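Understanding the architecture of this molecule
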Amino acid sequence: MPRLPRLAGVAAAAVSLSVLASAPAVSGEPLMSAPRVVAHFDLAAGQTPENIALEPDGSADLTFASARQVANVTPQGRTRVLATLPAEARPDTPVVHDALVFGIVRAQDGTLYVSYATGTARTGVWRIDRDGSAPRQIAQLPPEGLPNGLALDERRGVLYAADSVLGTVWRIPRDGGTPTAWARASALRPAAARRTDGFGADGIKVHRDAVWVSNADRGTLLRIPVRPDGSAGAIETRATGLGGIDDFAFPGPGTTVFAALSETNRVALVRPDGTHTVVLAQRDGLSDPTSVAVRGRTVYVPGAARSTRKDPNLLVAQLRRHFSR
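My aim in this report is to walk through the structure given alongside it, one point at a time. (Residues numbered from 1 in each chain as written. Predicted model: local features only at pLDDT ≥ 70, side-chain atom pairs only at ≥ 80, totals over all residues. Heavy atoms only, no water.)

1. Considering the side chain of Arg68
So the rule is basically this: Helix and strand definitions here come from DSSP, where helices need a minimum of 4 consecutive H or I residues and strands a minimum of 2 consecutive E residues; each element is numbered from the N-terminal end. Burial classes follow relative accessibility: with a 1.4 Å probe on protein chains only, a residue under 20% of its type's maximum area counts as buried, one over 50% as exposed, and anything between as partly exposed. Charged residues are defined here as Lys and Arg on the positive side and Asp and Glu on the negative side; His and the ends of the chain fall outside this count. Salt bridge, as used here: a side-chain nitrogen of Lys or Arg that lies within 4 Å of a carboxyl oxygen of Asp or Glu. Here, two residues are considered to be in contact whenever any of their heavy atoms come within 4.5 Å of each other.
Along the chain, Arg68 turns up in the loop between β3 (60-64) and β4 (69-73). Notably, Arg68 is buried but unbridged: the nearest opposite-charge side chain belongs to Asp98, and the N-O separation is 7.1 Å. Excluding residues within four positions of it along the chain, Arg68 makes contact with Ala83, Thr84, Leu85, Pro86, Ala87, Ala99, Val101 and Tyr116.

What follows is the structure in structure tokens.
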């Protein structure tokens, strides 16, 4: 999540949509079709969608970073707040200087986990049950850090949190407990020139026995193998030149990635060889995309309107083909 400004208090406004995504696939035909905004959110109320998890019915669970909320959005665009994280009287989060909810993952039983950054003892991972009970903190992370993206490995029973300031991937037992610094390296830290105002490790996913991490400042996509004993292997750089990359998603079993490039208001297709092509842009309805999710041939892209300051939204588009690589 690169450079999140404070809310300016302006109202959301609609943006025009194009009929087809403009960037061509390798074949010359558009890779995505029919991009449309299914839900518009209220910027003045802090409804700035940061991350996404999908439900079996096709609805999307979003974190509203500035409102400290988790909301569900139906395929028809109806929005319902599921939970609100507790307010922090004196937030002191590095870089953002506010209390913000960032990453979200959904377990198979419907439990939601989110990362919450406050600059206080509330910084960490929180659990949201579907029984209506209040969110509860299951792990505390360093208040001087900024836990951002969140990933779940159900097979191993662990969560991974990407810390954008400390350049660390934290490993946390799914049931809660003491986090461990699973991976820590310069490749995960903000660029040297932006140590006080930049974002390093940002998005994170578990895929094919590895933890994948984006670095927003460095514009890189990284792969960290998970060794048989659960420890981290050597960090591999899989793609570069992805300026302002936020979170990302795998559209299939291979290593092709769709990446949200927040600072340039684009979504890019990143191929296994590291090359990339823009497949969605602002004219398609994007409003500073923050993350991506894929279910079948439907692509979901939340936008937080950080730079546009209008129309935070949830956009969906259709893939013209499946990805096996």
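2. Some details on the environment of Val206
Along the chain, the position of Val206 falls in strand β14 (residues 201-206). Overall, the relative accessible area of 28% leaves Val206 in the partly exposed class. Note: C-alpha distance between Val206 and Leu152 (54 residues apart in sequence) is 6.9 Å. With residues near it in sequence (within four places) discarded, Val206 still touches Ala151, Leu152, Asp153, Tyr160 and Val211.

3. Some points on the packing of aromatic side chains
Test applied: For this analysis, a ring pair means two rings from Phe, Tyr or Trp (six-membered ring only for Trp) whose centres lie within 6.5 Å, classed as stacked if their planes differ by under 30 degrees, edge-to-face if by over 60, and tilted for the remaining angles.
According to the stated counting rule, one finds 6 aromatic pairs in the structure shown. Taking the centre distance of 5.0 Å and the plane angle of 65° together, the rings of Phe41 and Phe64 count as edge-to-face. Of this pair, Phe41 sits in the loop between β1 (32-40) and β2 (49-54) while Phe64 sits in strand β3, placing them 23 residues apart in sequence. Given the relative accessible area of 0%, Phe64 is considered buried. Ring centres of Phe258 and Phe323 lie 5.7 Å apart, and the angle between their planes is 90°; on these two criteria the pair is classed as edge-to-face. With a gap of 65 residues between them, Phe258 in strand β19 (residues 257-261) and Phe323 in the segment after β24 (313-319) connect regions that are remote in the sequence. A residue is classified by how much of its surface remains accessible, and Phe258, at 0% relative accessible area, is buried. Every member of this aromatic cluster is reached through a ring pair, and the members are Trp212, Phe248 and Phe250.

4. Observations concerning the pairing of strand β20 (residues 266-270)
Rule in force here: We treat two strands as partners when DSSP finds at least two bridges between them.
Of all the 5 residues making up β20, 4 are buried; the element is thus mostly covered by neighbouring parts of the structure. With 5 bridges connecting them, β19 and β20 associate as antiparallel partners. Considered in β20, the bridge of Phe258 is made with Leu269. Adjacent in sequence and paired antiparallel, β19 and β20 are bridged by 4 residues, among which Asn265 carries a positive phi angle near 60°. In terms of strand pairing, β20 meets strand β21 (residues 276-280) through 4 bridges, oriented antiparallel. By the bridge assignment for β21, Val270 is matched with His276.

Interpretation in functional terms is not warranted from these geometric data alone.
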